[in-house]
Structures are given as C-alpha cells and as structure tokens.
Amino acid sequence: MLYPQQNDLRNTLDLSGFWDFRLDAGEVGEQEEWFNGLKASRIIAVPGSWNEQFQDTRDYLGVAWYARQFYAPKGWQGQSTWVRIGSANYVAKVWVNGIQVGEHLGGYLPFDLEVTRHLVWDRPNTIVMRVENKLQPTRVPPGNVPRGPFGAFMGRYPNTNFDFFPYAGLQRPVILYSVPPVRIQDVTVVTEIEGGDGIVRVAVARSGGEAEGRLCLAGEHAPGTCALKFVGDVADLAIRVPKARFWSPEDPYLYNLEIVLTQQGQAIDRYALEIGIRTIAVRRDALLLNGKPIFLKGFGKHEDFPVHGGGLDVPLIVKDYALLKWIGANSYRTSHYPYSDEAMMMADREGILIIDEIPAVGLSFEDGEENIRLRLEQCKQDIRELIARDKNHPSVIMWSVANEPMPADMMKRFLGGGAEAPSSSAGTTFFAKLFQLVRALDPTRLVTLAGVMGGPVEWLAMCDVVCVNRYWGWYTQSGQLDAGAAFLERELDGLHDALKKPIIITEFGADSIVGLHSDPPEMWTEEYQVEMLRRYLDVAQRKPFIAGLHVWNFADFKTPQSTSRSWLNRKGVFTRERQPKMAAYFLRERWGGK
Ligand code: GCB
C-alpha cells in the first residue's frame, strides 16, 4: 500500500477533474450495463462529495455511477498498471473497459486494483465506478440503527448514528499509476533512540522476481548508502544514525530515505520516503515523545467545507495547518475517520502529532450478535488498511479504535453521569479483539479509544492513554459552568485513581454562534464557549496526569438536521469558513500561538 510516486521508474496519472455522473435510485445500472459508459449523465467534480455539488443530491444516500475516459500512456507498456481510489464512501465497484476489476467496502481508506490486462493503448479507456452510501446498522460508521440512541430521540435527518454529515462519493483522488514488474512492494520504517543515536529499522518487501537493492538515508549524520540483503522477498536493515536529529513538534526534522532495486547494477525500481526519527511511549502518568513528557494541545477536527463536503481540499489543508500553528496547537485527532494522505504528509512536515482514528463512531451493542460481528469485521479491515497506509508517518503517535462506543444503557448513564455497574460485556470482547489486532500489527505506537460520558471504565482500562470526551457544563449542568467544572474535576480524579494512566480529554467544548454575546455568559454565546474552555484548561492544569487537551472542534462543521443543531455543529473555535471566534483568541493566548 505504498502511496503512488512519480520518478524515472514509476508513473502516476491523476484522474481528478470532471467525471460523468448519474444517480441510480432504482438500482438498474448493473442490469442495464452502465459499466460500459454512462448515458444521460451530468458532470461532477472528483474529488468531492456528491451531496453539495447539486441541490437534488444533498440528502441522496443511494447508488450513483461515475465514469470517465483516459489514455494509458504508451510508455507504461511492460509495467504493471494500477488504479488507486483514495476513498469511495461507502461501497464501490470498479470496471475498466466494461470488465469488473474489483470492489471495496468502507469509506475513508484507499484501495488499489490492478488493471494492466484490461487496458488498451491505441484509444481511450473507460473507467466506471458504482458507489453506494446507504446508512446501515451493520456498517462502520452505522446509520438507521433501530432504537439508536440518536435517531430515536433526537430525530436526525439523515439518520446517522454519529454527529457529522454522511458525505458520499469519490472524495479523494483517483490515481492511475504504473510500477515496474519487479518492484518494491512495501516499506516499513520503525525508529528507536539509544542515547543520542537514532536507530532506523527498515523492512523492504519486493515482488515480481529477483533483484538486489540498496537504501540511502540522507540527512544530519545519516550514514548514506547501505546494501539490502533479501532473504526470500524481504530485506531487513537496522541503521544507526549517530547524534540523530529527532523529529518533534518543535523541530519536525525529516530524513530522506530512498530505496533502489537493481538487476546487474541497473536501477529497476525506486521509492522515496520522508521519515522522522522519534519514539512514543507512556511511563506512569506521562506521555513521552523521544523520552520526554509531552502535553497535547489541539483539537478534534473534521474534513468538511462548503461545496467540497468531505472531499479533498488541498488549500484547506494548508490553511488549517497554518491556523494550528497560529493558535499554538501541536496535535489533533482525525475524528472520526482516517483523513487524506495529504493531511498526514503535512502533519509530518509541520510537526503535528496525530491520533489516527478508524471510522468506528457510534458503535452500539444492542442489535444482536450478527450485526456486532459484521461491524467487528469491518473495524478489523479498517485497522489493517489504516496501519498499512499510515505506519511510516512520524506524526502518527496513537491509533484510536473507536469514538464514543455506547454501552447498552447509554442514555441513562449519560444523563446520570455514569457510576453504575456497566452492562458492557459484548463491547469488552469486541474491543479486546481490536486492541489485540492493533498491538500485533504495530507494537511501536499507542492504542486508545475516545470514551463517552458515563461509558464503561473497563473499555478505558484497555487503552495505553485514557481518552475521554466530556461535556459537563453543556449537555449536563447546562448553563452552570462552575458545577460542570467541579464535576469534571471529581470525575478525572476518580478515573485516575482507578486506572493510573495518563488521561487526554479528547473532546470538550460548547457551541457558539458568531456575534452572539452575553454577560454573564449564556449558552450559545461566544463568551460561554470561552468560559467553558477556560474552566477545562484550569482544571487540567491542576492535574499532572492530564497529558493533553483536544478542544471540540477546530471548526464548525455540517451535521444531519435535528433540533439540537442549528445547521452546523457550532463548537468550532473557527467558523466553517475558518474565521476565528473569541475562543480562538483565548486559546492562542493560553497556548502561546505564533
Ligand atoms: C461527541 C462526539 C462528536 C460530537 C460532539 C458534540 O461526543 O464524539 O462527534 O460532534 O460530541 O458536539 O456533541
């Protein structure tokens, strides 16, 4: 799952741009062979969600078809050609020149399909995709959950089991790429620190046949070129970098790693990566980056913007990282799904620490074993794909396997503030499996889940760092900031006594409507938002075991319609258009932003 790269031996062709698009509400497309090309179509932009590009597709969550033509460059003949779909939300089937080449389940993660045999070289090729995004209880994230805690009592439309708009379609680039027949199949980089030295462990997997290879690590005190020795199709190497320059938010220094495969001394494949030498660990109450305590300041975010919806928006990524720096943040969580490759690359370069989350938001355990099993399978697939995609990013320090999974008596516990004995055994088994899988796939990073108010403590006990989302003073103790803060303080002390681990408050915040003011502060005003954040920051400052604070949310974002949301979730400290609210200036002062 290497990100496609252009160099002298590999090629890429970005198929972003205008595609043909057609809704298929009656689901007749396959029968009528739309995979050969679309008639009566309209133009749509890829990447981008279909929901905001037209008025009639805003709430459409069914089947839709995408098609376009492309020439395969003749120079690619003899190579192996693939198509990489960055994200198709939620189910995709893909045809090239009328032949089905693959399908994929799950949004927000890329998949690669080999198309070499199906290409023509002397006329245009046609690529067609059928994408379907129905909200279903067995999907991750789930929707239309019978008796779901949200749909049932809040009446959301669309009926998601989560609090963001279920944007659909081809939301990230579709890239055609070619790689040599004998090639670098995968690269895994793990780093350690010994005294002032860095140890860079590299595993290179090759495929397609025999080849020798070399690796070049360039950067401060890096040793340069080393030979790769393959045993079977894998070459493992440990490189010592004396007096290495360690990657951190203050100094996000990246080394350049280049891997070359050779046959009779000739380069036949090449792949380059930017890597950071760093470690992440927990010791008693502290989160340690490169052996030193680090405090996370940042946000939960969303990929959300007018017109683009959840679609990749590169200027927005640049803008958001500039604002993270401006406000003095050093981290964020990819709530509630994996973000684009581009967002992760920027995090490496800008020195932003990432809690990388799979789309497991709104999980519940009340709808029978079969549904739970199907969601478990999807979560496992998401974990495998996410780790395969993001394992080499120094910015990624923690995997999050879920956001606010809900125990059976969720609403009672939520409103009562917890404390009762939990009825959570189905969830406990479920998460034990996910934690085990993550730790087996990547023992070098930390694992967590973001716990809901009143959620079971035994789920939090599985985490390396305890992450909790808290809204005392908003959803409960509404209008009573001091009562909320007092409750928070008691609860945090209790959690720490019970678990003896560092705690990050991964969500806290209040909605505010720009320009709405009151003194004394009332809910929905900018003052109330500031005062709520102030109280949480003050409580955290008194607790040495608090390892981080992630405000909910970085920016206002679109949600399904409901009585509890005024079109957007307005807990952003920036507006949806990225203008600062009072809360942004407050945080900037507290966090020492530039
Ligand atoms: C939460 C959820 C998040 C919501 C937020 C809110 O606990 O994790 O998805 O948007 O609360 O604003 O209610």
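Every residue gets a number counted from 1 within its own chain, in the order that chain's sequence is written. At least 70 in pLDDT is required for a residue's local features to be given in this predicted model, at least 80 for side-chain atom pairs to be given and counted, and no such filter applies to totals for whole chains, interfaces and linings, which use all residues. As a convention, hydrogens and water are excluded, and side-chain values are obtained from all of the structure's heavy atoms.

1. Some words on the pairing of strand β30 (residues 546-552)
β30 sits mainly inside the fold: 7 of its 7 residues count as buried. By the convention used here, strands pair only if DSSP detects at least 2 bridges between them. Strands here are runs of E lasting at least two residues and helices are runs of H or I lasting at least four, both read from the DSSP assignment and numbered beginning at the N terminus. Of the pairings in the sheet, the one linking strand β23 (residues 296-300) to β30 comprises 5 bridges and is parallel in character. Counterpart to Gly300 in the pairing with β30 is Trp552. Pairing geometry for strand β29 (residues 503-507) and β30, over 3 bridges, is parallel. Residue pairing for β30: Ile503 is matched across the bridge by Ile546. Once you follow β29 into helix α9 (residues 526-541) and on to β30, the crossover reads as right-handed. Under the scheme applied here, a residue whose accessible area is under 20% of the maximum for its type counts as buried, over 50% as exposed, and between as partly exposed, the area being computed with a 1.4 Å probe on protein chains only. We call a crossover right-handed when, viewed with the strands running away from us, the connection from the first strand over the helix to the second turns clockwise.

2. Comments concerning the packing of α9 against helix α10 (residues 582-591)
The axes of two packed helices give the description: the angle between them and the distance between them. In this analysis an axis means a line fitted to C-alpha atoms, helices contributing only their contacting stretch, and an angle means the value between N-to-C directions, from 0 to 180 degrees. Where α9 contacts α10, the axes come no closer than 8 Å and their chain directions differ by 25 degrees. Here α10 runs roughly parallel to α9, going by the angle between their axes. Here the hand of the crossing between α9 and α10 comes out right-handed. Where α9 abuts α10, its residues Glu526, Glu527, Gln529, Val530, Leu533, Arg534, Leu537, Asp538 and Gln541 lie against Met582, Ala583, Phe586, Leu587, Arg590 and Trp591. Residues were grouped as follows: Ala, Val, Leu, Ile, Met, Phe, Trp, Tyr, Cys and Pro as nonpolar; Asp, Glu, Lys and Arg as charged; and all remaining residues, including Gly, as polar. In terms of residue class, the contact of α9 with α10 is made up of 8 nonpolar, 2 polar and 5 charged. Throughout, the term roughly parallel applies to angles under 35 degrees, roughly antiparallel to angles over 145, roughly perpendicular to angles from 65 to 115, and oblique to all others. Helix crossings are classified by the rotation of the near helix relative to the far one: an anticlockwise turn of less than a right angle makes the crossing left-handed, while a clockwise turn makes it right-handed. Contact between two residues is taken to exist if any of their heavy atoms lie within 4.5 Å; hydrogens are not considered.

3. Description of the pattern of salt bridges
A carboxyl oxygen of Asp or Glu within 4 Å of a side-chain nitrogen of Lys or Arg is what we treat as a salt bridge. Applying the stated criterion across every chain, the model contains 46 salt bridges. In this structure, Arg130 engages Glu27 in a salt bridge whose closest nitrogen and oxygen atoms are separated by 3.8 Å. With Arg130 in strand β10 (residues 125-132) and Glu27 in the loop between β2 (17-23) and β3 (42-46), the pair connects residues that are 103 residues apart, well separated along the chain. The partly exposed category is assigned to Glu27, whose relative accessible area is 36%. The shortest N-O distance in the salt bridge between Lys391 and Asp186 comes to 2.7 Å. Here Lys391, found in the loop between α4 (369-390) and β26 (396-403), pairs with Asp186, found in strand β13 (residues 183-194); they are 205 residues apart in sequence, far enough to count as distant. Given the relative accessible area of 14%, Lys391 is considered buried.

4. Some details on the pairing of β23
When you tally the buried positions in β23, you get 4 out of 5 residues, the bulk of the element. Sheet topology places β23 next to strand β24 (residues 331-333); 3 bridges connect them, and they run parallel. Counted as the bridge partner of Phe299 is Tyr332 from β24. For the crossover that starts at β23, traverses helix α2 (residues 314-327) and ends in the parallel β24, the hand is right-handed.

5. Structural notes on the packing of aromatic side chains
The description of two aromatic rings rests on the distance between their centres and on the angle between their planes. Only rings of Phe, Tyr and Trp enter the pairing, Trp through its six-membered ring, and a pair is recorded when the two centres are within 6.5 Å. The plane angle decides the type: under 30 degrees is stacked, over 60 is edge-to-face, the rest tilted. Applying the stated criterion across every chain yields a total of 32 aromatic pairs. Ring geometry for Phe21 versus Tyr66: centroids 5.1 Å apart, planes at 65 degrees, classification edge-to-face. One end of the pair, Phe21, is in strand β2; the other, Tyr66, is in strand β4 (residues 63-70), with 45 residues separating them in the sequence. Tyr66 matches Phe21 in its accessibility class, with the two residues each being buried.

6. Observations concerning the site of the ligand
In the vicinity of the ligand lie 13 residues, with Asp163, His336, Glu404, Tyr475 and Lys571 positioned nearest. We call two N or O atoms a polar contact when they sit within 3.5 Å, provided that within protein one can donate a hydrogen and the other can accept it, with sequence-adjacent residues counted only if both atoms are side-chain atoms. For the ligand, an oxygen atom lies 2.8 Å from a polar atom in the side chain of Asn569. Contact between the ligand and Lys571: an oxygen atom at 2.6 Å from a side-chain N or O atom of the residue. All accessible-area figures derive from a Shrake-Rupley calculation using a 1.4 Å probe, and residue coverage is judged against the displayed protein chains alone. For the ligand, whose unbound accessible area comes to 320 Å², protein coverage reaches 92%. One heavy atom within 4 Å of a molecule or strand is enough for the residue carrying it to be called near that molecule or strand.

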